[in-house]
Amino acid sequence: MLSVDLVYLGNEKEKYYNEAADEYIKRLSAYCSFKQKNIKDERLSNEPSQNEINAALEKESKKIFEALPDRSYKIAMCVEGKQMSSEELAQLFDSLPSRGYSGISFVIGSSCGLAEKVKKSCDLRLSVSKMTFPHKLFRVMLLEQIYRAFTINAGSKYHK
């Protein structure tokens, strides 16, 4: 069974986002071992300078590296990443064990994104859209796509 880790930054205060995420996490238990790690993002001033942003990304990158498992296939979620269909994501999941991976890790950065060194350390940069989404909503969207990929590989009727 493939293990899936989700490392994300930010505060999840809104109950409805957490309830939606919890539903997909519950569903995922039939397909994988799932863990998530919420990392507190760095506080910035109202109009941060680029130096302040870079310093925050640097601090966040240290926390991300500590949270990521060593031997998993790592995916940085970023707008400049490759776009894939749900079927292509399912194929990626299916190919990982034969490539020597027992796990897959997704990283969602803060509102300022991810430090370049985090992106470079990942095996894939993935984007779901050129559009911008709130990070809280995006976590739910990503969980749904992870669930969808597993159901595609299982031949479930969920994906139509």
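The structure displayed is predicted, hence computed values, not measured ones.

Trainee: Requested: an account of the side chain of Ser61, with residues and values cited.
Mentor: By the secondary structure assignment, Ser61 is in helix α2 (residues 50-67). Using a relative accessible area of 0% as the deciding quantity, one classes Ser61 as buried. When residues no more than four places from it in sequence are discounted, the contact partners of Ser61 are Ala115, Lys117 and Val118.

Trainee: Give me the lowdown on the sheet that holds strand β4 (residues 103-108), citing residues and values where you can.
Mentor: Strands in a sheet are paired, the pairing made by backbone hydrogen bonds, and the direction either parallel or antiparallel. Strand order in the open sheet formed by five strands is β2-β1-β4-β3-β5, and the pairing between neighbours is parallel. Of all strands in the sheet, those bounded by a partner on one side alone are β2 (33-39) and β5 (124-127). Each neighbouring strand pair of the sheet contributes to a mean axis angle of 30 degrees, computed without reference to strand direction.

Trainee: Would you mind going over the pattern of salt bridges in detail, with residue names and values included?
Mentor: This structure, assessed with the given rule, holds ten salt bridges. Salt-bridge contacts for Lys136 lead to Glu14; the nearest nitrogen and oxygen are separated by 3.2 Å. A residue pair is termed long-range when its members are at least 10 positions apart, and Lys136 in helix α5 (residues 135-154) and Glu14 in the loop between β1 (3-9) and α1 (15-28) qualify at 122 residues. Lys136 gets classed as partly exposed once you look at its relative accessible area, which sits at 26%. For Arg27, the salt bridge is made with Glu23, and the minimal N-O distance between the two is 3.0 Å. On the criterion of helical spacing, the pair formed by Arg27 and Glu23 is a turn pair, its members being four residues apart in helix α1. Because the salt bridges share partners, they merge into one network encompassing Glu80, Glu116, Lys119 and Arg125.

What counts as what
- Residues numbered from 1 in each chain as written.
- Predicted model: local features only at pLDDT ≥ 70, side-chain atom pairs only at ≥ 80, totals over all residues.
- Heavy atoms only, no water.
- Helix = DSSP H or I, 4+ residues; strand = E, 2+ residues; numbered from the N terminus.
- Buried < 20%, exposed > 50% of the residue type's maximum accessible area, 1.4 Å probe, protein only.
- Contact = heavy atoms within 4.5 Å.
- Pairing = 2+ DSSP bridges.
- Axes fitted to C-alpha atoms, helices over the stretch in contact; angles between N-to-C directions.
- Salt bridge = Lys/Arg side-chain N within 4 Å of Asp/Glu carboxyl O.

Functional significance is not addressed by these values, which are geometric in nature.
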